[in-house]
There are 2 protein chains.
Amino acid sequence: MGKGRVTVIDIAKAAGVSKSTVSLVLQASPLVNESTRTKVNAVMRELGYVYNRGAANLRQANARSKIIGIVVNDLTNSFFAELAVGVDTVVQSAGFVQFLSNTSESIDRQREVIASMREHGVSGLIISPARGTEAVDLKPLVMAGIPVVLVVRNIPGAKVSSLVSDNHAGAFAAVEHLAALGHSRIAFVGGFPDTAVFDERLGGYRDAMSKTGTGFQDELVVSSAPSRAGGVDALARAMAMPEPPTAAVCFNDAVAFGVCDGLRARRIEPGKDFAVVGFDDVIEAKTTVPALTTISVDPQGIGQRAAQMLLKQINAGKPEAESAVSSVRLIVRESCGAAMNKPGRKMA
Amino acid sequence: MGKGRVTVIDIAKAAGVSKSTVSLVLQASPLVNESTRTKVNAVMRELGYVYNRGAANLRQANARSKIIGIVVNDLTNSFFAELAVGVDTVVQSAGFVQFLSNTSESIDRQREVIASMREHGVSGLIISPARGTEAVDLKPLVMAGIPVVLVVRNIPGAKVSSLVSDNHAGAFAAVEHLAALGHSRIAFVGGFPDTAVFDERLGGYRDAMSKTGTGFQDELVVSSAPSRAGGVDALARAMAMPEPPTAAVCFNDAVAFGVCDGLRARRIEPGKDFAVVGFDDVIEAKTTVPALTTISVDPQGIGQRAAQMLLKQINAGKPEAESAVSSVRLIVRESCGAAMNKPGRKMA
DNA sequence: GTTAATAATTGGAACGTTCCAACTTTGTCA
DNA sequence: TGACAAAGTTGGAACGTTCCAATTATTAAC
């Protein structure tokens, strides 16, 4: 047992047919007689045959393997986990298997991971690029004709498909909502300043601040790591200001949760004494207390849509780059104070 | 461009050497002259060569590809995301790449995913099996001599390595702690009853309840999906009892967060009016408010240790099944009320 | 100046599969 | 009976790599 692996030839010998016939059975070809097929299948099961995809791909250089790769920059952020399951639901029903790798924002790791996936002949790639990824990094992929869909973060020069959410509109809506509730000192909290997503959301915030007449003030944007801990930290800095804000538009939900934690630790009740709005609408957003008012980007939906874009490219002969913007909407829950009697302006 | 793919022979021609030499360069063999090496490497870059792992694996049937697979049953649970990054850190430094797949508790999907990984010649597998997985499902893997480490959930008859946390001891400690705080009506909340993990944790709970003299009562165990929403739901049922509990040992942290949400929705303050202890110690546990008292199982640590076990097996010729229990410890924070003046017994 | 040792390179066979063209068997029809 | 078609089956070549044994080029030793 277990000496050499079981090959198609072993099956052929044991079943008394030729390797070609076995191969036809493997491909469910209608050419082969029903009785032969069942016999061959039986022998396969008996000997514990495992299909060698590598050898097969070697022969048919055109047909790639039935896997699609998804590369994310931060798996511990549940946004990406949800995105991945969204992708999974659609690739699965198309007969693909999804392999996911995490880069932890490391460009080097990202290169390794993508190379590894290429070596295994993935049919296509969905990538949420690590910070600092440039168009050149994607060049080899497009040259090889491998379909790629960028999600979450777009990369300017790359000639690949992309699906990002409408960050500008989302942040704009968040500010408008808070302004309508009577806030004027609205902070923009969290996120790394050197990313496209940050720029877009900040842009929406800035435009809305200008439009609502309260004006944009530099000091009201306080950045941090885009995590729960980052939110705690950023809030501390915001509250240390001479004239602290009364509301915050957060870079994402993780930051928003951190902000709520930080508020509570200061005995300030989010949704009552201070308005918080997040960005992403992760699952916890609706069950947490207070329920988080946030900009819904529907990670699963984005995953599904990205997967559909990718499959379309895979099925079409030559991949046509297509870029889409996924619309977002404001979900009003409790953390902004809109559900309460008074807009939160108790502190000053 | 992109007609046929670039092969080792193309490189050889362009560089004016033989394919064997190119192959040696690929393997970083010391046999090849430094000047040839640099020239070959240059040509590779220029022509955009991609290593064909499939063809390589074909030849060297022994040496498997440098990927290890990790199969989890619920990616949306951040416990598994953290476990995966733990695994990643160690396999990465050993020169492997990790491919992760999610089964969403589906046995069928799990079979597909594992088959796919086998076809791609993974060097080893770390599996958190879907509910209902049986020893036979793993049989083909052990027959093929593929190293496997089971995590989180063990499977009785399977002859593979496993690494589970000491669920019995953890639940036991949680109950002891709550009892010491003065609670006697302590519920066991959340989790699916037909899993080994549930049985173990429940066992620890039961033994501790008996030992502390309050005795084990069936009605105090209320199961649910092991998620935040499940926790909300289970708490509702618990509080509807004629004599509701004053404390809860939760199946996991997600459930515990749900329980806290449910309590707050009822205007009961977790950590003050009701004691909650979780299980897992996910990252949010320490930043949330109130900080969650929980049993730390250190998912990253488990991931790392599992990865080490797997690598050991891969490096050893024949895999020796080894099973380990990862110890757990009680992390006292705020949600159990220990940090407050009074043990939470205000309600009755 | 020959031999021996070392360093570097090389062609061919092999890995497990698919594809193609050729082959055999069986059945149908004039 | 012979010609033809349809249904199954088959051997060999090819895919891109690595390994082996053999070869050539270079250096060292006498």
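Keep in mind it's a predicted model, so treat the numbers as computed, not measured.

Student: Whenever I open this one, the overall build of chain A confuses me. Can you help?
Tutor: A count of helices and strands for chain A gives 13 helices and 12 strands. Against the 2.2 N^0.38 benchmark of 20 Å for 348 residues, chain A shows a C-alpha radius of gyration of 26 Å, more extended than a compact globule. Here the C-alpha coordinates of chain A stretch approximately 90 × 40 × 35 Å along the principal axes. Across the 348 residues of chain A, 53% fall into the buried class. For chain A, restricting intrachain contacts to residue pairs at least 6 apart in sequence, the fraction spanning at least 24 positions comes to 69%. Total accessible area computed for chain A in this model is approximately 14700 Å², and 52% of it derives from carbon and sulfur atoms. Of the side-chain charges in chain A, 37 are positive and 33 negative, and the distance between the mean point of each set is 7 Å.

Student: It is not clear to me how the domain arrangement of chain A should be interpreted in this structure. Could you clarify?
Tutor: Many authors give the size of an interface as the accessible area that is lost as the parts come together. Residues and elements named next belong to chain A. If you check the domain split of chain A, you get domain 1 (8–51), domain 2 (67–166 + 299–327) and domain 3 (167–297). A straight line from the C-alpha centre of domain 2 to that of domain 3 covers 28 Å. Each partner contributes residues to the interface: domain 2 has 11 residues there, and domain 3 has 17 residues. For the pair domain 2 and domain 3, the summed buried surface comes to about 1100 Å²; carbon and sulfur atoms form 48% of the total. When the area that domain 2 buries against domain 3 is broken down by residue, the three leading residues are Arg131, Ser165 and Asp166, summing to 43%. Summed over the shared surface of domain 2 and domain 3, the result is one salt bridge. Two residues, Asp194 and Arg131, come together in a salt bridge whose shortest N-O distance is 3.2 Å. Counting only elements with at least two residues in the side of domain 2 that touches domain 3, the list comes to helix 5 (78–93) and helix 13 (299–315). Examining the composition of the side of domain 2 that touches domain 3, we find that three residues originate from one element, helix 5, more than from any other. Here the side of domain 2 that touches domain 3 is built from residues that sort into four nonpolar, three polar and four charged.

Student: I tried to follow the protein's contact with DNA strand C on my own but got confused; where do I start?
Tutor: Around DNA strand C sit 29 residues in total, of which A:Val8, A:Ser23, A:Tyr49, A:Arg59 and B:Ser18 are the nearest. Near the protein, meaning within 4 Å, the atoms of DNA strand C are sugar or phosphate in a fraction of 63%, with bases accounting for the rest. Side-chain polar atom of B:Thr21 to a phosphate oxygen of DNA strand C: 2.7 Å apart, as the coordinates give it. A distance of 3.4 Å separates a base oxygen of DNA strand C from a polar backbone atom of B:Arg59. Counting residues per element, the ones that place at least two in the surface near DNA strand C are helix 2 (19–26) and helix 4 (53–59) of chain A together with helix 2 (19–26) and helix 4 (53–59) of chain B.

Reading the values: the criteria
Residues numbered from 1 in each chain as written. Chains lettered and ligands numbered in written order. Predicted model: local features only at pLDDT ≥ 70, side-chain atom pairs only at ≥ 80, totals over all residues. Heavy atoms only, no water. Helix = DSSP H or I, 4+ residues; strand = E, 2+ residues; numbered from the N terminus. Rg over C-alpha atoms; globule rule 2.2 N^0.38 Å. Buried < 20%, exposed > 50% of the residue type's maximum accessible area, 1.4 Å probe, protein only. Contact = heavy atoms within 4.5 Å. Areas by Shrake-Rupley, 256 points an atom, 1.4 Å probe, with all protein chains shown as cover. Lys, Arg positive; Asp, Glu negative; His and termini not counted. Charge placed at Lys NZ, Arg CZ, Asp CG, Glu CD. Domains from an automatic or database assignment. Buried area = accessible area lost by both parts, 1.4 Å probe. Salt bridge = Lys/Arg side-chain N within 4 Å of Asp/Glu carboxyl O. Nonpolar A, V, L, I, M, F, W, Y, C, P; charged D, E, K, R; others polar. Near = heavy atom within 4 Å. Polar contact = N/O pair within 3.5 Å; in protein donor to acceptor, adjacent residues only side chain to side chain.

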